[in-house]
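Next come the chains, spelled out residue by residue.
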Amino acid sequence: MSMRSRSLLYVVFCLLFLTACYNRGQQTPDAWDLTEHQIDSISFSTTHHYTQNYNFMVTANRLPLADALPDMAFDTLYVVHGDRIVVADIRMVPADTIDSVWVKVAHDQITQGWIRESELLQGVSPDDPISQFIDIFSNAHLLVFLAICVLVAGAYAVRKLLRRRAYIVHFHDIDSAYPALLCVLIAMSATLYASIQMFGAESWRHYYFHPSLNPFALPLHLGLFVASVWAIIIMAVAVLDDVRHQLPTFDALLYLSGLAAVCAVVYVVFSIFTLYYVGYLLLVLYIAFALWCYRRHPHYPYRCGQCGAKLRQKGRCPHCGAVNA
């Protein structure tokens, strides 16, 4: 092949790489050619984060439903705890001084009726396991109760473990960075979660109604939080595997129990103190403390090639006498 032919072939390949088909997309009518009802529905969904055909699960003991709007309303039916309901209609009632938004929900063809939005949202949860999981950790009363119980139990457990010289993260740790990293990840996630509650409450509310486990499909701050949750899960698996290989069964269970107590204390402390802006300083101090504790404990990066014992450096093994170069 001549030099000119090769040059022509290179030009053709370059043009093929730089050329792409342009898809104009399907020709549709004007996207804003909507009815007034559709525009109201879009506006309501933007501000309230749910709309018609949205699914809820009843979390209250029971919710009363009115068979008609306020001018003819009287309670005749109830939906009870565990019932799944769907939003059938939404109406604005300006004459209602309590709540101008009324929502018609249906459990089945017979059990359906109207209820004020404020009463509805207090007694339901989005019919999604992620949203229901969020509900558990968003209960303020439960959080305060857990804070008291966890702090007392955690302090008692740490005292008992230290007296027995048992392994426990930070204080008498095993030769692994994973437990300390797990605690730091939980502290960072709790701080980020509390920050979202303070500075991005509306975005969190939208995520609550439309949750996702894909961090790349969310805004940056929510994506970082979901990514941190995935990182915690992965790190927890690494901790379990490392502890299982380093400690006997009983000691491993004792260590994991202490680690769970420390993680619970870390979550509660940073979730609460970040709401008062103290958590950010505590996070920096805690990361420095975790790093200092990790460097303070002895580490064994090598293993003897003959007996498998841990070695701090290469050379003669103190257990079997083999020389490791």
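A. Layout of the side chain of E117. By secondary structure assignment, the location of E117 is in helix 3 (residues 117-122). Summary of buried charges: E117 has no salt-bridge partner, and the nearest side chain of opposite charge, R205, is 5.5 Å away. Within the structure, E117 has its side chain in polar contact with the side chain of Y50 (distance 2.8 Å). Aside from chain neighbours lying at most four places away, what touches E117 is F44, H48, Y50, D99, V101 and V103.

B. Local environment of the state of the cysteines. Applying the stated criterion to the full structure yields zero disulfides. There is no disulfide at C183, and the cysteine sulfur nearest it, in C263, is 3.9 Å away.

C. Geometry of the nonpolar core. Among the nonpolar cores identified, the biggest contains 28 residues, and Y50, F56, I85, V103, L120 and W204 are the most heavily contacted of them. Elements represented by at least two residues in this core include exactly strand 1 (55-58), strand 2 (62-66), strand 4 (84-92), strand 5 (101-106), helix 6 (178-199), helix 7 (201-209) and helix 8 (220-246). Considering each element in turn, this core owes the most residues, four residues, to helix 7. Those residues within four positions of L120 in sequence are excluded, and the remaining contacts are F56, L63, I85, V103, V105 and I115. Ranked by size, the runner-up nonpolar core spans 24 residues in total, among them A190, V239, L283 and Y286.

D. Spatial organisation of a nonpolar patch on the surface. The grouping of L213, V229, W230, I233 and V237 at the surface amounts to a nonpolar patch, some 440 Å² of accessible area in total. Residue position: I233 is located in helix 8. You can call I233 partly exposed: its relative accessible area is 44%.

E. Region of the structure containing the packing of aromatic side chains. Inspection of every chain in the model, using the stated rule, returns 15 aromatic pairs. Aromatic pair Y193 and W204: ring centres 5.2 Å apart, planes at 80 degrees, arrangement edge-to-face. Of this pair, Y193 sits in helix 6 while W204 sits in helix 7; the two residues are 11 residues apart in sequence, bridging distant segments of the chain. Taking relative accessible area as the criterion, Y193 reaches 12% and is therefore assigned buried. Relative to F289, the ring of Y286 lies with its centre 6.5 Å away and its plane at 35 degrees, an arrangement referred to as tilted. In this pair, Y286 and F289 both sit in helix 10 (residues 279-296), three residues apart, roughly one turn of the helix. In this structure an aromatic cluster arises from ring pairing among Y50, Y54, F56, Y208 and F209. Over the ring of Y78 we find R62, and its NZ or CZ is 4.2 Å from the ring centre.

F. Inspection of the packing of helix 6 against helix 8 at higher detail. Following both chains from N to C, one finds helix 6 and helix 8 inclined at 160 degrees, their axes separated by 9 Å at the closest point. Accordingly, the angle class assigned to the pair helix 6 and helix 8 is roughly antiparallel. Here helix 6 and helix 8 pass one another in a crossing that is left-handed. Counted together, Y178, P179, L181, L182, L185, I186, S189, L192, Y193 and I196 of helix 6 and H221, L222, L224, F225, S228, A231, I232, M235, A236, A238, V239 and D242 of helix 8 form the full contact between these two elements. In terms of residue class, the contact of helix 6 with helix 8 is made up of 18 nonpolar, three polar and one charged.

G. Spatial organisation of the pairing of strand 4. Pairing analysis gives three bridges linking strand 1 to strand 4, with the strands arranged antiparallel. The residue of strand 4 that forms the bridge with N55 is V86. Looking at chain direction, strand 4 and strand 5 are connected through six bridges and run antiparallel. Pairing of M92 across the sheet is with V101, part of strand 5.

H. Quick peek at the pairing of strand 6 (residues 112-116). Strand 6 sits mainly inside the fold: four of its five residues count as buried. By the bridge criterion, five bridges tie strand 5 to strand 6 in an arrangement that is antiparallel. Bridge pairing in strand 6 links V103 to I115. Count of turn residues in the strand 5/strand 6 antiparallel hairpin: five residues.

I. Molecular detail of the pattern of salt bridges. Under the definition given, this model contains five salt bridges. For the salt bridge of D127 with R84, the shortest nitrogen-to-oxygen distance reads 3.1 Å. Note that D127 is positioned in the loop between strand 7 (124-126) and helix 4 (129-138) and R84 in strand 4, a separation of 43 residues in sequence. Residue classification places D127 among the partly exposed residues on the basis of a relative accessible area of 30%.

J. Quick look at unusual backbone geometry. One non-glycine residue with positive phi stands out, namely H49, at about 70 degrees. Mapped onto the elements of the fold, H49 is located in the loop between helix 2 (36-48) and strand 1. A relative accessible area of 4% means that H49 is categorised as buried. At H170, a position not held by glycine, the phi torsion is positive, near 75 degrees.

Definitions and cut-offs
- Residues numbered from 1 in each chain as written.
- Predicted model: local features only at pLDDT ≥ 70, side-chain atom pairs only at ≥ 80, totals over all residues.
- Heavy atoms only, no water.
- Helix = DSSP H or I, 4+ residues; strand = E, 2+ residues; numbered from the N terminus.
- Buried < 20%, exposed > 50% of the residue type's maximum accessible area, 1.4 Å probe, protein only.
- Lys, Arg positive; Asp, Glu negative; His and termini not counted.
- Salt bridge = Lys/Arg side-chain N within 4 Å of Asp/Glu carboxyl O.
- Polar contact = N/O pair within 3.5 Å; in protein donor to acceptor, adjacent residues only side chain to side chain.
- Contact = heavy atoms within 4.5 Å.
- Disulfide = S-S within 2.5 Å.
- Core = buried A, V, L, I, M, F, W, Y, C linked by side-chain atoms within 4.5 Å.
- Patch = residues over 30% accessible without salt bridge, like charges linked within 9 Å, V, L, I, M, F, W, Y side chains within 5 Å.
- Areas by Shrake-Rupley, 256 points an atom, 1.4 Å probe, with all protein chains shown as cover.
- Phe/Tyr/Trp six-rings, centres within 6.5 Å; stacked < 30°, edge-to-face > 60°.
- Lys NZ or Arg CZ within 6 Å of the ring centre and 35° of its normal.
- Axes fitted to C-alpha atoms, helices over the stretch in contact; angles between N-to-C directions.
- Parallel < 35°, antiparallel > 145°, perpendicular 65-115°, else oblique.
- Left-handed = near helix turned anticlockwise from the far one by under 90°.
- Nonpolar A, V, L, I, M, F, W, Y, C, P; charged D, E, K, R; others polar.
- Pairing = 2+ DSSP bridges.

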